[in-house]
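Reading the structure
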Amino acid sequence: MKIQYLNGGLANQIFQYIFVRHAQLSCQCPKEWFFDDSFFFLNQVHNGYELERIFHLKPNLLSQYFDSDIWNQLIEEKRNGGSIPQSFKNLGFDIIMITEFENYREHNPFDGQIYRVPGNTFIPEIIKADNEFVYYHGYWQHPDWFRSYQPLLKKELSFPPIADDRNRLYASQILNSKSVAVHIRRGDYAEFGWASKPDYYLQKIKEILIHHPDAAFYVFSDDIPWCKQNRDALGLGLSQHVTYVEGNTQGHNYIDLQLMSMCRIMIINRSAFGYLAMLLNDRLDCFYFDESDR
């Protein structure tokens, strides 16, 4: 059995899904791979588990594999500071962990054999580990996990039709202009000092306007008021064609991802959300990615 930890917001969940689908398709063993969805039984963050609600996917979940009594016991052990891989080891199973990041200590404490791999790299050999049980802790955001099976994955990750008038209008405007998605992640990124500096957006917007003076900018952010207050520092005041995309909250955040993936040009930072929108974009002419040091 191969188990991938499933956690975080929608973008992280999709990247973890892409990793598992890559493994299933490469090894031709779909029934061997499972998602550890225990995170969502103990945490209320973002909009919870979203893969099935938005994309109607039916991944193999550990919560559905075990009888409810066994699963509830595993959750209780995790609530008390344990983890699914540790519980398996305590039961005598031969299990190893392959992890990208040290935060496994917080999410999945484990005193067994651990193999550390560089973060966000493409190392297909790791899916072939032959232990009885292998637990994967990571986000796997390298584009080659996706590109190896891009046509199929894009089909599986097709967004539902946009149903409301406001977002249909956004979509129509985006599709009929030289549209530029400007993704400005604030929230925890600002708190931890990870947010892109305003000057990054200013320089990219100046560059775009030189080549495309008629460009229409669409601002996507978890803090639209901050973006409006800092429009000049961000370079948004340089264009008369700026739209702040608002209203996609409380379970409808995925529509921002959907709209971003329709834009011709993208200015993104290091968040998984913007990076995923770039990978899913079939209309992309060019994109800008903030690679500056924090």
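Note that this is a predicted model, so its numbers are computed, not measured.

Before going further, it helps to spend a moment on the overall build of the protein. If you tally the helices and strands in the protein, you get 16 helices and 10 strands. In terms of overall size, the protein behaves like a compact globule, its C-alpha atoms giving a radius of gyration of 21 Å where 294 residues would be expected to give roughly 19 Å. Seen through its C-alpha atoms, the protein measures out along the principal axes to roughly 65 × 35 × 35 Å. By residue count, 53% of the 294 residues in the protein fall in the buried class.

A word on the environment of phenylalanine 34. Assignment of secondary structure puts phenylalanine 34 in strand S2 (residues 33-36). For phenylalanine 34, a relative accessible area of 10% translates into the label buried. Setting aside residues no more than four positions away along its own chain, phenylalanine 34 makes contact with Met1, Lys2, Ile3, Gln4, Asn60, Leu61, Leu62 and Tyr65.

Another aspect to go through is the packing of aromatic side chains. Enumeration over the complete set of coordinates arrives at 27 aromatic pairs. When the ring of phenylalanine 66 is compared with that of tryptophan 71, the centres are 6.4 Å apart and the planes differ by 15 degrees; the resulting orientation is stacked. Summarising the aromatic geometry, the rings of phenylalanine 192 and tryptophan 194 are spaced 5.1 Å apart at their centres and angled 50 degrees between planes, so their arrangement reads as tilted. With a relative accessible area of 43%, tryptophan 194 lands in the partly exposed category. Three or more aromatic residues link up through ring pairs in this structure, and these residues are Phe34, Phe41, Tyr65, Phe66, Trp71, Phe88, Phe93 and Phe133. When the ring centre of tryptophan 226 is taken as origin, the NZ or CZ atom of arginine 186, which lies over that ring, is 3.9 Å away. It is lysine 228 that lies over the ring of tyrosine 244; its NZ or CZ is 5.5 Å from the centre.

A few words on the nonpolar core. Counting 77 residues, the largest nonpolar core has Ile14, Phe19, Ile126, Tyr136 and Leu259 as the members making the most contacts within it. Among the elements that take part in this core, helix H1 (residues 10-27) stands out by supplying 9 residues, more than any other. Ignoring anything within four residues of it in the chain, the contact list for isoleucine 14 reads Leu51, Phe55, Leu157, Leu257 and Leu276. If you look at the next biggest cluster of nonpolar residues, it comprises 20 residues, including Ile184, Ile224, Cys227 and Leu236.

Here the structure, examined in full by the defined rule, presents 16 salt bridges. Here aspartate 188 ties to arginine 185 by a salt bridge, and the two come within 2.9 Å at their closest N and O atoms. Residue class for aspartate 188 comes out partly exposed when judged on its relative accessible area of 30%. Counted as one network, the salt bridges with shared partners bring together Glu102, Arg105 and Arg116.

What counts, and where the lines are drawn
- Residues numbered from 1 in each chain as written.
- Predicted model: local features only at pLDDT ≥ 70, side-chain atom pairs only at ≥ 80, totals over all residues.
- Heavy atoms only, no water.
- Helix = DSSP H or I, 4+ residues; strand = E, 2+ residues; numbered from the N terminus.
- Rg over C-alpha atoms; globule rule 2.2 N^0.38 Å.
- Buried < 20%, exposed > 50% of the residue type's maximum accessible area, 1.4 Å probe, protein only.
- Contact = heavy atoms within 4.5 Å.
- Phe/Tyr/Trp six-rings, centres within 6.5 Å; stacked < 30°, edge-to-face > 60°.
- Lys NZ or Arg CZ within 6 Å of the ring centre and 35° of its normal.
- Core = buried A, V, L, I, M, F, W, Y, C linked by side-chain atoms within 4.5 Å.
- Salt bridge = Lys/Arg side-chain N within 4 Å of Asp/Glu carboxyl O.

Read these as geometric descriptors, not functional statements.
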